[in-house]
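Notes for the structure review
Listed below are the residues making up each chain.
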Amino acid sequence: MSKLEHFRILKSDDSGYRLFIILLTILIAVGYAAAHHMESHGHWVSGMNNQVVWGLPHVFAILLILSASGALNIGSMSSVFGQSHYKSWSRFSGLLAIVLLVGGLIVLVLDLGRPERLVVAMTHYNFKSIFAWNIFLYSGFVAVVIVYLWVQFQRSLNHYVEPAGLFAFIWRFVLTSGTGGIFGFIVARELYDSAMMIPVFIVLSLVLGTSVFLLVQRLTYRWSGVALETETAGKLARLLGIFVALELFLVMAFHLTSLYSAEHQGVEWFILSDGGLYTILFWIGQVGFGGLVPLAVIYAGSPELSMRRILVASGCAVVGAFAQLYVLIVGGQAYPQILFPGKTVQSSFYDGVVASYSPSIYELALGVGGVSLSMLGLFVLLRILPFLPDNRAG
Amino acid sequence: MVKVCNQVVIKRIVRVMASVFGLLFSVALLADTLEQMRADGVQCVEPTEIMRKQHMELLLHQRDLTMREGIRTRQHSLNQCIECHVQKNNQGDYIPVNAPEQFCASCHNFTSVAIDCFDCHATTPDLPQSANALIQQALSELIAQELTLPIVKRSGVPELHNIEVNR
Amino acid sequence: MTGSGTVSRRSLLKGATACAAITAAGGFRIVELAMAKSPEDAASSLVRWGMLIDTEKCASDCDACVSGCNSEHNLEGMGRPETDAQWIRKLDITDNQTGHVSSLPMLCQHCENPPCVDVCPTGASFKREDGIVLVDKHTCIGCRYCVIACPYKARSFVHENLHNQKSYSPRGKGTVESCTFCVHRIDNGRTPACVESCQSDGNGAMVFGDLNDKASEIAVKIKSEPSRQVREDLELNTGVRYQNV
């Protein structure tokens with residue numbers, strides 16, 4: 001707290017850096033073209049259908065939104081929990097949170113049936129809808145984090161960092177609850193409709209935010225030369241381990257309670273054993289890559305964590321979270337809705353059968369475009385304002 | 001008795017014919033009046049100045065009333081606009097109102113104001129089909145009824161009066 | 001009768017009155033029009049529209065209601081069953097224990113507490129005063145949250161550009177839609193197309209009417225005979241009820 005922090009902008013004319021920026025720009029253009037194609041032809045060109053109405057773009061969007069909320073956690077560690085060794089990275093953490101959220105929201109908006117009516121969503125509200133609340137929570141989040149960054153940048157306002165940080169911390173908590181609530185409040189689907197969705201999403205956001213932060217700070221290091229100190233990175237990675245373990249525990253609690261009642265056994269056996277791709281994604285993706293691998297990498301072997309081990313653990317955690325969201329979002333819709341318990345239902349509208357969904361190249365391009373937009377935003381803003389800690393001056 | 005029967009049958013035939021005539025006449029009159037009004041350039045539902053400037057507000061207001069509350073007055077309804085302002089081609093088929101040079105498109109293209117009404121709304125009236133269907137249905141109902149009704153009820157005395165009331 | 005008698009122009013009114021007089025004199029029934037609420041009246045909360053479906057009368061091989069609905073609203077398929085809209089569909093239901101088979105049409109249940117209305121962010125999904133659940137496609141942004149939230153799988157998303165819509169049933173790409181209870185017919189005192197088709201081409205398994213009107217056929221029937229709601233555990237108080245299922 002007492003030490004004066006120094007910050008710097010990103011300066012790089014490295015050809016690799018330029019290539020990276022060009023690549024991001026191309027991916028964004030391709031993503032936009034894909035969204036435009038889906039919008040002008042209608043969504044039948046995507047993998048989506050009347051059974052699975054939220055597909056790959058929603059997985060990407062929610063992944064980015066959860067990462068955004070979690071990435072702010074590194075800033076909160078210093079301003080809320082007084083962990084001063086994270087202080088020099090709290091600007092970067094705030095910036096990362098904003099760009100990830102914007103990237104996620106753009107994907108969400110471009111996947112709407114009528115994206116040009118965004119203004120309708122901004123002017124007509126149904127306050128009983130958790131979606132309407134989320135529109136406020138998301139746009140409010142950007143505003144709150146901007147204030148949080150501002151009081152950090154403005155030396156004369158530095159004494160407001162703690163209250164601003166606390167407010168942002170509370171806001172992101174509510175925001176992630178809102179994201180979990182999107183699924184938690186749905187009575188119509190067998191896999192959703194559980195208050196457990198809220199803690200599961202909050203901890204998942206901590207997992208994602210921490211691992212994405214660790215990966216992205218390493219990416220910027222290539223061109224900035226500023227890296228998280230190995231010791232701090234190690235602490236953060238061990239914290240990631242705790243989050244991963246907690247998430248595994250919550251997911252286990254969710255499935256075990258659900259498995260206990262005969263009513264939910266159908267959907268549970270679908271996810272856990274008979275669901276084909278969804279079962280594979282659950283065990284290998286979510287539990288394996290998202291849970292056991294990061295835990296093994298972090299806790300097995302020498303307690304001195306190398307950057308390589310930290311990055312492997314973070315990368316696996318992100319892959320696992322992706323699998324988890326895919327199983328939840330797509331798998332939850334693929335499992336048939338039960339209109340008549342205890343009866344077998346047949347129709348021309350895919351009642352009683354597992355719905356098919358194969359993501360199209362357009363949806364993938366849109367999702368990747370959103371991630372690229374986040375990264376481009378990050379690297380452009382890093383060049384404009386001093387977000388990065390200046391190790392040399394410190 | 002035969003005589004009476006014939007009388008009733010003749011009356012009934014007359015009535016059926018009157019109905020047919022009435023229906024045809026009403027449709028012809030309706031079509032004719034619409035044509036005539038269009039040809040005469042009869043004033044729209046509001047003065048031209050108001051329509052030019054405020055047709056959007058009028059339509060939006062009517063839209064919400066109809067959509068949300070089920071109020072289906074036609075004065076400011078989009079369907080009414082289309083019914084009056086739609087044109088026919090040489091074959092007598094309707095041309096969509098949003099086709100180039102047609103009523104909606106001519107101004108909106110000129111002023112470059114994009115409208116999305118016709119992403120969802122029909123661009124021609126369904127009047128011809130539904131009127132035809134209506135006439136056919138009414139005719140078949142009428143004829144079926146007239147044919148199935150007992151012509152003579154009791155010992156030669158037709159209850160003409162009762163039948164009339166039942167209508 | 002759209003177009004006649006309702007166009008507010010003096011000359012036309014004259015013509016319409018004349019022809020109405022002639023048709024009435026000729027014995028043409030205009031009962032349907034007489035029963036309708038007048039166009040300037042708003043839908044009233046004193047009315048709750050509902051439907052009663054007797055599955056014992058509903059035959060598995062009959063889809064009169066479905067074709068009636070499809071032609072009324074021009075729900076022509078694109079030959080892509082996964083994305084084609086279905087407002088009403090036939091379900092064949094087999095009891096897992098007893099093997100008993102029944103058949104019934106499933107459509108928007110017009111709930112009193114509709115989950116689709118709760119979740120809609122813009123309020124585009126709404127319930128009319130008389131209990132009809134509709135989508136205001138002017139404010140629908142196509143987020144599809146209502147499709148996720150509907151317990152009856154009653155909603156469809158329009159996956160492509162449409163043409164040849166009916167003037168009374170606007171539909172368009174990028175918005176969500178479902179059964180409207182044929183609100184355009186109800187407002188003119190007529191019954192929904194599915195019910196009409198079921199009576200004329202099917203087995204007369206569907207009754208439509210005002211649940212609040214104690215004397216209506218439907219109200220009398222649900223009071224004197226057992227009926228149930230689908231997923232009554234959700235306490236949504238559906239407007240559509242089923243018998244013998």
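Residues numbered from 1 in each chain as written. Chains lettered and ligands numbered in written order. Predicted model: local features only at pLDDT ≥ 70, side-chain atom pairs only at ≥ 80, totals over all residues. Heavy atoms only, no water.

Along the backbone of chain B there are seven helices and two strands. If you list the helices and strands of chain B from N to C, you get α-α-α-β-β-α-α-α-α. Sequence separation of at least 24 residues holds for 55% of the intrachain contacts in chain B that already meet a minimum separation of 6. Carbon and sulfur atoms make up 60% of the accessible area of chain B, which totals about 10600 Å². (Helix = DSSP H or I, 4+ residues; strand = E, 2+ residues; numbered from the N terminus. Contact = heavy atoms within 4.5 Å. Areas by Shrake-Rupley, 256 points an atom, 1.4 Å probe, with all protein chains shown as cover.)

Turning our attention to the sheet that holds strand β2 (residues 88-95) of chain C. Here we have three strands laid out as an open sheet, ordered β2(A)-β2(C)-β3(C), and antiparallel in their pairing. Across the chains shown, the open sheet's two edge strands, defined by having one partner strand only, are β2 (343-346) of chain A together with β3 (101-107) of chain C. Across the sheet, the axes of successive neighbouring strands diverge by a mean angle of 30 degrees, strand direction being ignored. As defined by bridge partners, β2 of chain C adjoins β3 of chain C across seven bridges and the pair is classed as antiparallel. Along β3 of chain C, the bridge assignment pairs R89 of chain C with M106 of chain C. Strands in contact with helix α3 (residues 64-73) of chain C are β2 and β3 of chain C; relative to β2 of chain C, the strand with the most contacts, it is inclined by about 160 degrees. (Pairing = 2+ DSSP bridges. Axes fitted to C-alpha atoms, helices over the stretch in contact; angles between N-to-C directions.)

Let's shift gears to the nonpolar core. Counting residues in each nonpolar core, the largest one holds 185 residues, and the members touching the most others are L96, F183 and L378 of chain A together with M51, Y145 and F181 of chain C. Residues within four places of Y145 of chain C in sequence aside, it is in contact with W54, I130, F131, G181, I182, F183 and I186 of chain A together with V119 of chain C. (Core = buried A, V, L, I, M, F, W, Y, C linked by side-chain atoms within 4.5 Å. Buried < 20%, exposed > 50% of the residue type's maximum accessible area, 1.4 Å probe, protein only.)

Here we take up the interface of chain A and chain C. Contact residues are listed per partner, giving 54 residues for chain A and 54 residues for chain C. In this assembly, chain A packs against chain C so that about 4700 Å² is buried in total across both faces, 54% of it on carbon and sulfur atoms. The largest share of the area that chain A buries against chain C comes from N50, F340 and F349 of chain A, three residues that together contribute 15% of it. Put simply, chain A and chain C have three salt bridges between them. Between D118 of chain C and K128 of chain A there is a salt bridge whose closest N-O contact spans 3.2 Å. Where chain A packs against chain C, one counts 37 residue pairs in polar contact (both at pLDDT 80 or more). Among the residues making up the side of chain A that touches chain C, the classes are represented as 24 nonpolar, 21 polar and nine charged. Here β2 of chain A pairs with β2 of chain C via four bridges, running antiparallel. (Buried area = accessible area lost by both parts, 1.4 Å probe. Salt bridge = Lys/Arg side-chain N within 4 Å of Asp/Glu carboxyl O. Polar contact = N/O pair within 3.5 Å; in protein donor to acceptor, adjacent residues only side chain to side chain. Nonpolar A, V, L, I, M, F, W, Y, C, P; charged D, E, K, R; others polar.)

Quick look at the confidence of the model for chain B now. Residue and element names in this part refer to chain B. Residues of chain B with pLDDT of at least 70 account for 63%, and the chain-wide mean is 76. The least confident element of chain B, judged by mean pLDDT, is helix α7 (residues 160-166) at 38; the most confident is helix α5 (residues 117-120) at 94. Throughout residues 150-167 the model reports pLDDT below 50, and contacts reaching past four residues in sequence, or to other chains, amount to 25 contacts. (pLDDT = per-residue confidence, 0-100.)

Residues and elements named next belong to chain C. Judged by pairing direction, the sheet is mixed, and its three strands sit side by side in the order β8-β1-β9 without closing on themselves. The open sheet is flanked by β8 (206-210) and β9 (240-243), the only strands paired with a single partner. Along the sheet, successive strands turn relative to each other by an average axial angle of 20 degrees, direction set aside. Pairing analysis gives five bridges linking strand β1 (residues 49-54) to β8, with the strands arranged antiparallel. Bridging from a neighbouring strand, L52 pairs with V207 of β8. Where helix α7 (residues 193-200) meets the sheet, it contacts β1 and β8, and its direction lies at approximately 140 degrees from that of β8. Packing of helix α8 (residues 217-224) onto the sheet brings it into contact with β1, β8 and β9, and relative to β8 it is tilted by some 110 degrees.

Now for the pattern of salt bridges. Summed over the entire model, instances satisfying the criterion amount to 22 salt bridges over all chains. Of the charged contacts in the structure, one is a salt bridge between D119 of chain B and R114 of chain A, with a shortest N-O distance of 3.1 Å. Residue D119 of chain B is found in helix α5, and its partner R114 of chain A is found in the loop between α4 (90-110) and α5 (118-123); the two belong to separate chains. You can call R114 of chain A buried: its relative accessible area is 5%. A salt bridge links E232 of chain C to R228 of chain C, with the shortest nitrogen-to-oxygen separation between them at 3.1 Å. Among the residues examined, R228 of chain C registers a relative accessible area of 22% and is labelled partly exposed.

Residue and element names in this part refer to chain C. Phi at E235 is positive, roughly 55 degrees, even though this residue is not glycine. Take E235: it is sitting in the loop between α8 and β9. Using a relative accessible area of 62% as the deciding quantity, one classes E235 as exposed. One non-glycine residue with positive phi stands out, namely N237, at about 50 degrees. Mapped onto the secondary structure, N237 falls in the loop between α8 and β9.

Next up on the list: α7 of chain C. For α7 of chain C, the set of buried residues is A193, C194, V195, S197 and C198 of chain C. On the buried face of α7 of chain C, the contacting elements are β1, α3, β2, α6 (183-186) and β8 of chain C.

Turning to the confidence of the model for chain A, a few remarks are in order. The share of residues in chain A with pLDDT of 70 or more is 98%, and the mean pLDDT across the chain is 94. Here α5 of chain A is the element of chain A with the lowest mean pLDDT, 90, and helix α2 (residues 56-71) of chain A is the one with the highest, 98.

Looking now at the packing of helix α10 (residues 262-274) of chain A against helix α11 (residues 277-299) of chain A. All names here are of chain A. In the contact formed by α10 and α11, the axes pass within 6 Å of each other and the chain directions differ by 70 degrees. The orientation of α10 relative to α11 falls into the category roughly perpendicular. Two secondary-structure elements touch here, α10 through F270, I271, L272, S273 and D274 and α11 through Y278, T279, F282 and W283. Tallied by class, residues from the contact of α10 with α11 come to six nonpolar, two polar and one charged. (Parallel < 35°, antiparallel > 145°, perpendicular 65-115°, else oblique.)

Moving on to a nonpolar patch on the surface. Residues and elements named next belong to chain A. On the surface, I280, W283, I284, F289 and V319 cluster together into a nonpolar patch covering about 490 Å² of accessible area. Here the nonpolar patch gets four residues from one element, more than from any other, and that element is α11. Within the secondary structure, I284 sits in helix α11. (Patch = residues over 30% accessible without salt bridge, like charges linked within 9 Å, V, L, I, M, F, W, Y side chains within 5 Å.)

In this section: the packing of aromatic side chains. Taken as a whole and assessed by the stated rule, the structure comprises 29 aromatic pairs over all chains. When the ring of F270 of chain A is compared with that of Y335 of chain A, the centres are 5.3 Å apart and the planes differ by 45 degrees; the resulting orientation is tilted. In this pair, F270 of chain A is assigned in helix α10 and Y335 of chain A in the loop between α12 (307-334) and β2, connecting sequence segments 65 residues apart. For the residue pair F270 of chain A and Y335 of chain A, the accessibility class agrees, reading buried in each case. Taken together, W54, F131, F183, Y192 and F201 of chain A together with Y145 of chain C form an aromatic cluster joined through their ring pairs. The ring centre of W44 of chain A lies 3.6 Å from the NZ or CZ of R80 of chain C, which sits over that ring. Above the ring of F349 of chain A, the side-chain terminus of K153 of chain C is found at 4.1 Å from the ring centroid. (Phe/Tyr/Trp six-rings, centres within 6.5 Å; stacked < 30°, edge-to-face > 60°. Lys NZ or Arg CZ within 6 Å of the ring centre and 35° of its normal.)

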